Amino acid sequence: MPIDFHSTANRLTYTRRTAGDDWGRAVRALVEPRGARVADIGCGGGVYSAAWLDLGAASVVGVDFSSAMLAGARERCGPRPGLSFRQGDAAATGLPDAGVDIVFARALIHHLDDLRACCAEAYRILAPGGRLIVQDRTIEDVSRPGSAEHLRGFFFEGFPALLEVERARRPSSEGVTAALRAAGFDAVRARPLVEVRRTYADRAEVRSDLLARTGRSILHELDEAQLAALADHIEARLPNGAAIRESDHWTVWTGVR
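Residues numbered from 1 in each chain as written. Predicted model: local features only at pLDDT ≥ 70, side-chain atom pairs only at ≥ 80, totals over all residues. Heavy atoms only, no water.

> I would appreciate a short explanation of empty space enclosed by the protein in the present structure.
Picture a little ball the size of a water molecule; that probe, rolled over the atoms, points out where space is still empty. One pass over the structure, following the stated rule, counts 2 cavities of 30 Å³ or more. The computed volume of the largest cavity comes to approximately 70 Å³. Around the largest cavity, the lining is made up of 14 residues, and of these Val103, Ala105, Cys118, Ala122 and Leu132 lie nearest the centre. For the lining of the largest cavity, the element with the most residues is helix H4 (residues 115-125), which contributes 6 residues. Residues belonging to the lining of the largest cavity are distributed by class as follows: 12 nonpolar, 1 polar and 1 charged. A volume near 50 Å³ is recorded for the second largest cavity. In terms of lining residues, the second largest cavity is bounded by Trp23, Ala26, Val27, Leu30, Phe104, Ile133, Gln135, Leu193 and Val252. The set of elements that each furnish at least two residues to the lining of the second largest cavity consists of helix H1 (21-30) and strand S5 (126-136). With 4 residues, the single largest contributor to the lining of the second largest cavity is H1. Residues of the lining of the second largest cavity, tallied by class, amount to 8 nonpolar, 1 polar and no charged. (1 Å grid on protein atoms, 1.4 Å probe; cavity = no way out; pocket = protein on both sides within 12 Å on 5 of 7 lines; lining within 4 Å. Points joined across faces, edges and corners; volume = space filled by probe spheres on them. Helix = DSSP H or I, 4+ residues; strand = E, 2+ residues; numbered from the N terminus. Nonpolar A, V, L, I, M, F, W, Y, C, P; charged D, E, K, R; others polar.)

As structure tokens, this is what we get:
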């Protein structure tokens, strides 16, 4: 069954990580964060809302459709000057026209039914010259072979049906590019990004993370017995007694208002 983003039981699932230095370097190569007004759409647990402040943004508003996710974000981030959260839809944020310099949407669009409406809303709330940054995975990003660096590839070895779930929900690069252009964005580009997800002390820590479904909506498609079987499958393929550095492959699309 797909993840229930409105369940309080899941409110902390997207809070248990930090944004890596590789992500920060990638962002700085795209835009100047210092002094910017940022809207983090589909902010989840607020990890990247806080990261934008750490990069020097003047203000960040995290927007999510789930009150449970927002409760987790507030719990994780605590009170920070310049950081706020509000409930809203990706296509109807409730933010004012032309009020932000950067709109950021990470791991959001594969959950949306209407990408063009989301892009149109981003265009509306951006000031002239502002930039939209969309970070998500295509099917090519997720379907790389399984390895200690790319654990997600093992999911599909153990449960091939999960790959069909991914095929149904993952955007194409061409489709995202077309949606940005249809909304009016200029200088639309797509770039690859490899982001370190987490460094685990050993394979036992990987197993614990998998069983908790931490920040992995795809694992909510499995019941408890299936999830345990997948954890067994992956643990058997990882080195014993060694740290494991997991990376995620992404595509980043940008456009200028």
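> Hey, could you run me through unusual backbone geometry in this one?
Of all residues except glycine, most have a negative phi; of all peptide bonds, most are trans. Even without glycine at this site, Ala98 takes up a positive phi of about 50 degrees. If you check the backbone angles, Arg213 has positive phi at about 55 degrees while not being a glycine. Among the structural elements, Arg213 can be located in the loop between helix H9 (203-211) and helix H10 (224-235).

> Help me out: how do you make sense of H4 in this one?
An α-helical turn contains 3.6 residues, so any two residues separated by three or four positions project in the same direction. Considered for burial, the residues of H4 that qualify are Leu115, Cys118, Cys119, Glu121, Ala122 and Ile125. Each buried residue of H4 sits inside an arc of 160 degrees when the element is viewed along its axis, so together they form one side. Residues of H4 that are buried sit in contact with strand S1 (37-41), strand S4 (100-106), S5 and helix H8 (173-183). Two or three places before Arg116, at the opening of H4, Asp114 has a side-chain oxygen 3.4 Å from that residue's backbone nitrogen. (Buried < 20%, exposed > 50% of the residue type's maximum accessible area, 1.4 Å probe, protein only. Arc of directions from axis to C-beta. Contact = heavy atoms within 4.5 Å. Polar contact = N/O pair within 3.5 Å; in protein donor to acceptor, adjacent residues only side chain to side chain.)

> Can you walk me through the nonpolar core in this structure?
A general feature of soluble globular proteins is that nonpolar side chains tend to end up buried together. If you look at the biggest cluster of nonpolar residues, it comprises 27 residues, and the most contacted ones within it are Trp23, Trp52 and Ile133. Contributions of two or more residues to this core are made by H1, helix H2 (47-54), helix H3 (67-77), strand S3 (83-87), S4 and strand S7 (244-256). Apart from residues no more than four positions distant in its own chain, Trp52 is found in contact with Trp23, Val27, Val31, Pro33, Val38, Ala57, Val60, Ile102, Phe104 and Ile133. One finds Val61, Ala122, Leu126 and Trp253 within the second-largest nonpolar core, a separate group that totals 26 residues. (Core = buried A, V, L, I, M, F, W, Y, C linked by side-chain atoms within 4.5 Å.)

> I tried to follow H9 on my own but got confused; where do I start?
Of all the positions in H9, only Val206, Asp209 and Leu210 are classed as buried. The arc enclosing the buried residues of H9, seen along the axis, measures out at 100 degrees, which places them on a common side. Taken together, the buried residues of H9 touch helix H6 (152-158), strand S6 (186-200), H10 and S7. You can read the cap of H9 off the contacts: a side-chain oxygen lies 3.2 Å from the backbone nitrogen of Ala204, and it is on Asp202. Two residues or fewer past H9, Arg213 is found with a positive phi of approximately 55 degrees.

> Would you explain the environment of His233 in this entry?
Mapped onto the elements, His233 comes out in helix H10. In this structure, the C-alpha to C-alpha distance between His233 and Arg28, residues 205 residues apart in sequence, is 38 Å.

> Before we go on, may I ask you to explain the pattern of salt bridges in this structure?
As a working rule, side chains carrying opposite charge can pair if their charged atoms are close by. Evaluation of the coordinates by the stated rule reveals 22 salt bridges. As a salt-bridge pair, Arg106 and Glu195 come within 3.5 Å of each other at their nearest N and O atoms. Note that Arg106 is positioned in strand S4 and Glu195 in strand S6, a separation of 89 residues in sequence. The exposure classification of Arg106 matches that of Glu195, with both residues buried. One continuous salt-bridge network, built from bridges that share partners, spans Arg197, Arg198, Glu205, Asp209, Arg216 and Glu246. (Salt bridge = Lys/Arg side-chain N within 4 Å of Asp/Glu carboxyl O.)

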